[in-house]
Amino acid sequence: MMEEKGEKNGVAAMAACYQKFDPVAYLQYNYTPPRADFTRKDSIVPWKLACLHRALNEGDVSGELLVDIGSGPTLYQLMSGCEVFNKVILTDFLEVNRQELRRWLQDEGKCSLDWTPYLEHVCKLEGRRPSAWPEKAAKLRQVIVDILPIDVHCSQPLAPDTLPSAGADCLVSCFCLESVSPDLPAFTRALGNIQKLLRPGGHLLLIGALGESYYFGGPGVRIPVVPLNEAQVCTSLKESGYTLIRLEVYTLSQDMRVGVDDVTGVFFAKAKRD
Ligand SMILES: Nc1ncnc2c1ncn2[C@@H]1O[C@@H](CSCCNC[C@@H]2Cc3ccc([N+](=O)[O-])cc3CN2)[C@@H](O)[C@H]1O
C-alpha cells in the first residue's frame, strides 16, 4: 500500500508541473532551428521524420486507426501516418495543447507554428514535390477524427469505448512517457497502460529522449524527466508486452543543445504488441 501511495504522489506532483506548460514557448524551443532546420542533414527533426517515414513504409504496418499518445501541441509525428491510416486520433493531457491542435485542424490561421516546412519535407521523403504540401495538409485534416484527453498513468488511459474493441492498429508517441513519469517503474507501467490500447500485432512507434533529467515547458517552467538509456528503453518495452523490431539513436551535437533541456540523445523504437 505504501508503494501505491508513493506512486500516486509522484504522478500527482508531475501533473502539477504541467499546469504551467506553455505550448507556444515549447514549440519555439524545440520545433524551430537549429533543432528543426530542414537545410541541415544533421538536424533532429529531419531525423525524426525520416525514422517515422521509413517505419511506416516498409510494408509491415497497416490498418485503419492510428492513435497518437500525448500529442502535445505538435503535428509532425502524423505527417507520414496520415497517408497509411484513414483514421487518426490525437490525445493530450492538457486542454491548452488540445486547443492548439484544434486551431490547426480548423485552419483558422491562428496557429503558434507554421507546419508548412514540415509538410514540404515529408512530401519530399515520399518522392512528391514539396509544393504538394497543401494536399498533405488536407489529407491530415481529413483523417483526424478526434482530439481526446488522455492520462498514461491510468490503467485505462482513454475514456471507455473510445477505441474499437480490437484496439488501435498503430500507436505513435513522441517525447511523452519519459517526460510525464516520475521514475523508471512509472515509465514502464505507462508503456503497459498504452499497450492495452493497441491490438495484438499492432505497432508502436516510440520517440523519446535519452539522458534527459529536465526540460523547460515554458519560461521558468522546469519539468523533471526520468533519464533513460537505450538498455532501459529496450527492457521496459519487453517488460510491458512489446517485441522490439528496431531501435535507432540520434546523438545531439553541441549546437543542438540549446539550453531548454539536458537531452543527450533521441531514440526511435519500432515495436509490436505481443
Ligand atoms: N499523465 C499524462 N498522460 C499523457 N500525457 C501527458 C500526461 N502528463 C502530461 N502529458 C503531456 O505530455 C507532454 C508531451 S510534451 C513532453 C516534452 N518532452 C520533453 C521535451 C521534448 C523534446 C522535443 C525535441 C527534442 N529534440 O531533441 O529535438 C528534445 C525534447 C526533450 N524535451 C505534454 O503534451 C503534456 O500535456
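Sequence order as written defines residue numbering, which begins from 1 separately in each chain. Residue-level local features of this predicted model are given only where pLDDT is at least 70; pairs of side-chain atoms are given and counted only at 80 or more, and the full residue set underlies all totals for whole chains, interfaces and linings. The basis for the side-chain values is all heavy atoms of the structure; hydrogens and waters are excluded.

**Some details on the site of the ligand**
For step 1, the next point in the chain: Close to the ligand lie 25 residues, the nearest being D92, D151, F175, S179 and E212.
For step 2, the next point in the chain: Whenever two N or O atoms come within 3.5 Å, that pair is a polar contact, provided that in protein one can donate a hydrogen and the other can accept it, and provided that, for residues adjacent in sequence, both atoms are side-chain atoms. Take D92: an N or O atom from its side chain is 2.6 Å from an oxygen atom of the ligand.
For step 3, the next point in the chain: One of the side-chain N or O atoms of S179 is found 2.8 Å from a nitrogen atom in the ligand.
For step 4, the next point in the chain: For the shell around the ligand, the secondary structure elements donating two or more residues are α2 (23–30), α3 (44–56) and α7 (177–180). Any residue with a heavy atom positioned within 4 Å of a molecule or strand is treated as near that molecule or strand. Numbered from the N terminus, helices here are DSSP runs of H or I no shorter than four residues, and strands are runs of E no shorter than two.

**Some details on the confidence of the model for the protein chain**
Reading predicted coordinates in detail is not appropriate for stretches of low pLDDT.
For step 1, the next point in the chain: The predictor's confidence in any single residue is recorded as pLDDT, a number from 0 to 100. Averaged over all residues, the pLDDT of the protein chain is 96; the fraction at 70 or higher stands at 99%.
For step 2, the next point in the chain: Overall fold confidence (pTM) sits at 0.97, and the ipTM for the predicted complex is 0.98.

**Some details on the layout of surface pockets**
For step 1, the next point in the chain: Computed over the protein atoms alone on a 1 Å grid, cavities are sets of points where a 1.4 Å probe fits but cannot get out and pockets are open sets with protein on both sides within 12 Å along at least five of seven lines; a residue lines them when it has an atom within 4 Å of a point. Grid points are joined across faces, edges and corners, and a volume is the space filled by probe spheres set on the points. In this structure, the largest pocket spans a volume of roughly 600 Å³.
For step 2, the next point in the chain: Looking at the largest pocket, it is lined by 38 residues, and the ones nearest its centre are Y18, F175, C176, S179 and Y215.
For step 3, the next point in the chain: For this classification, the nonpolar set comprises Ala, Val, Leu, Ile, Met, Phe, Trp, Tyr, Cys and Pro, the charged set comprises Asp, Glu, Lys and Arg, and every other residue, Gly included, is treated as polar. Of the residues in the lining of the largest pocket, the class split is 23 nonpolar, eight polar and seven charged.
For step 4, the next point in the chain: Taken as a whole, the second largest pocket holds about 240 Å³ of empty space.
For step 5, the next point in the chain: Lining the second largest pocket are 17 residues, and of these Q156, D161, L163, K196 and L197 lie nearest its centre.
For step 6, the next point in the chain: Residues of the lining of the second largest pocket, tallied by class, amount to nine nonpolar, five polar and three charged.

**So, the nonpolar core**
For step 1, the next point in the chain: Counting residues in each nonpolar core, the largest one holds 86 residues, and the members touching the most others are Y118 and I194.
For step 2, the next point in the chain: In terms of residue count, α3 provides more of this core than any other element does, eight residues in total.
For step 3, the next point in the chain: When sequence neighbours within four positions are dropped, the list of residues in contact with I194 reads I69, V152, P157, L171, L177, L204 and Y242. For our purposes a nonpolar core is just a set of buried Ala, Val, Leu, Ile, Met, Phe, Trp, Tyr and Cys residues, chained together by side-chain atoms within 4.5 Å. Here's how the labels work: a residue is buried when its accessible area is under 20% of the maximum for its type, exposed when over 50%, partly exposed in between, all with a 1.4 Å probe on protein chains only. Working rule for contacts: check all heavy atoms of both residues, and any pair within 4.5 Å makes them a contact.

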